[in-house]
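So the chains spell out like this:
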Amino acid sequence: MERNCREATMNGINVEKPNKYFDGKDKKDFLYHFGFGVDTIDIPAVFGDTKFVCTGGSPGRFKLYAEWFAKEAKIPCSENLSRSDRFVIYKTGPVCWINHGMGTPSLSIMLVESFKLMHHAGVKSPTFIRLGTSGGVGVPPGTVVVSTGAMNAELGDTYVQIIAGKRIERPTQLDSTLREALCAVGKEKNIPVETGKTMCADDFYEGQMRLDGYFCDYEEADKFNFLKKLNALGVRNIEMESTCFASFTCRAGFPSAIVCVTLLNRMDGDQVQIAKEQYIEYEERPFRLVTAYIRQQTGI
Ligand SMILES: O=P(O)(O)O[C@@H]1C[C@H](O)[C@@H](CO)O1
Ligand SMILES: O=c1cc[nH]c(=O)[nH]1
């Protein structure tokens, strides 16, 4: 049965308390990949009013999203608040825009430091939304997939971590209330929205059964059989972060959603070759949907 993370949070199910070791009175926690810590900036003053953390891979796209949001809501956009060159952090009122790089290893670092940031800022239940791009599985290019769940590369609905030499699998639930609200906004705004599972691959080429990588030791028929299998399992898009994102946010008890536009239908090809204007219009779709939802929720 599908679980709602918000309920899970309220009932205390699946929600883990922050690690006791990083927050002792004598400890001055430093967020290494953000380049600042509790000792170097006044975290509650800068981040204490955060309600939403929006994230996605590219630093340039997230700077743009923050600027677009500020312009639309007629509020100021901060400078890049990150003091490291690993990630960018922009703030527009109650919304933080932080990029996470490509793949789950990079995302996991960004999420852990964002969760610690919210903890130090005294923010109780921030909503996390991943706005990204993906390859569609049987859906037309430009479709915005709001994920019902995340599936790993072995086609299990879990996020696999190796800790102390052991394989740990954790659930990849997403918040169904948030998803439904986002879908309703998409409909209102005439944005082509679909719901379905998102497959999280470990790489862009072989892990997604592309035929255009440098290596390929399978046949074209294997690719199509795999994509058909995914489609039959309810998968509508493939990207590279969803399992970690769903698992970490649910573990922390934060409502979360994944909203990714499809750049192509993988049933029709592998190369991502889109005219610049079309690419920007596709990139804008998750932004328009999520922004409308945030503005509706916050009244800004
Ligand atoms: O959020 P983005 O668009 O960066 O995410 C997808 C998944 C991979 O990180 C990347 C591959 O092109 O795009
Ligand atoms: O096909 C695609 C497109 C974007 N991102 C992916 O991971 N795969």
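Residues numbered from 1 in each chain as written. Chains lettered and ligands numbered in written order. Predicted model: local features only at pLDDT ≥ 70, side-chain atom pairs only at ≥ 80, totals over all residues. Heavy atoms only, no water.

- In the annotation of an unreviewed UniProt entry, the protein chain is listed under the name PNP_UDP_1 domain-containing protein and assigned to Caenorhabditis tropicalis.

Examining the overall build of the protein chain
Inference 1: Along the backbone of the protein chain there are eight helices and twelve strands.
Inference 2: In terms of overall dimensions, the protein chain is globule-like: its C-alpha atoms have a radius of gyration of 19 Å, near the 19 Å expected for 300 residues.
Inference 3: Seen through its C-alpha atoms, the protein chain measures out along the principal axes to roughly 60 × 50 × 40 Å.
Inference 4: Split into buried and exposed, the 300 residues of the protein chain put 51% on the buried side.
Inference 5: A total accessible area of about 14100 Å² is found for the protein chain, and carbon and sulfur atoms account for 52% of it.
Inference 6: One way to put it: in the protein chain the 36 positive side-chain charges average out to a point 6 Å from where the 37 negative ones average out. (Helix = DSSP H or I, 4+ residues; strand = E, 2+ residues; numbered from the N terminus. Rg over C-alpha atoms; globule rule 2.2 N^0.38 Å. Buried < 20%, exposed > 50% of the residue type's maximum accessible area, 1.4 Å probe, protein only. Areas by Shrake-Rupley, 256 points an atom, 1.4 Å probe, with all protein chains shown as cover. Lys, Arg positive; Asp, Glu negative; His and termini not counted. Charge placed at Lys NZ, Arg CZ, Asp CG, Glu CD.)

Some points on a nonpolar patch on the surface
Inference 1: A grouping of Phe 204, Tyr 205 and Val 272 is seen on the molecular surface, where their side chains present a nonpolar patch of about 240 Å² in accessible area.
Inference 2: Along the chain, the position of Val 272 falls in the loop between strand 12 (256–265) and helix 8 (276–298). (Patch = residues over 30% accessible without salt bridge, like charges linked within 9 Å, V, L, I, M, F, W, Y side chains within 5 Å. Salt bridge = Lys/Arg side-chain N within 4 Å of Asp/Glu carboxyl O.)

Observations regarding the site of ligand 1
Inference 1: Taken together, Gly 57, Arg 61, Met 102, Gly 103, Arg 130, Gly 132, Thr 133, Phe 204, Met 240 and Glu 241 make up all the residues around ligand 1.
Inference 2: At a separation of 3.1 Å, an oxygen atom of ligand 1 approaches a polar side-chain atom of Arg 61.
Inference 3: One of the side-chain nitrogen or oxygen atoms of Thr 133 is found 2.5 Å away from an oxygen atom of ligand 1.
Inference 4: When the free accessible area of ligand 1 is taken as 340 Å², the share hidden by the protein chains comes to 85%.
Inference 5: Looking at the shell around ligand 1 element by element, the count peaks at three residues for strand 6 (residues 127–136).
Inference 6: Class assignment for the residues of the shell around ligand 1 results in three nonpolar, four polar and three charged. (Near = heavy atom within 4 Å. Polar contact = N/O pair within 3.5 Å; in protein donor to acceptor, adjacent residues only side chain to side chain. Nonpolar A, V, L, I, M, F, W, Y, C, P; charged D, E, K, R; others polar.)

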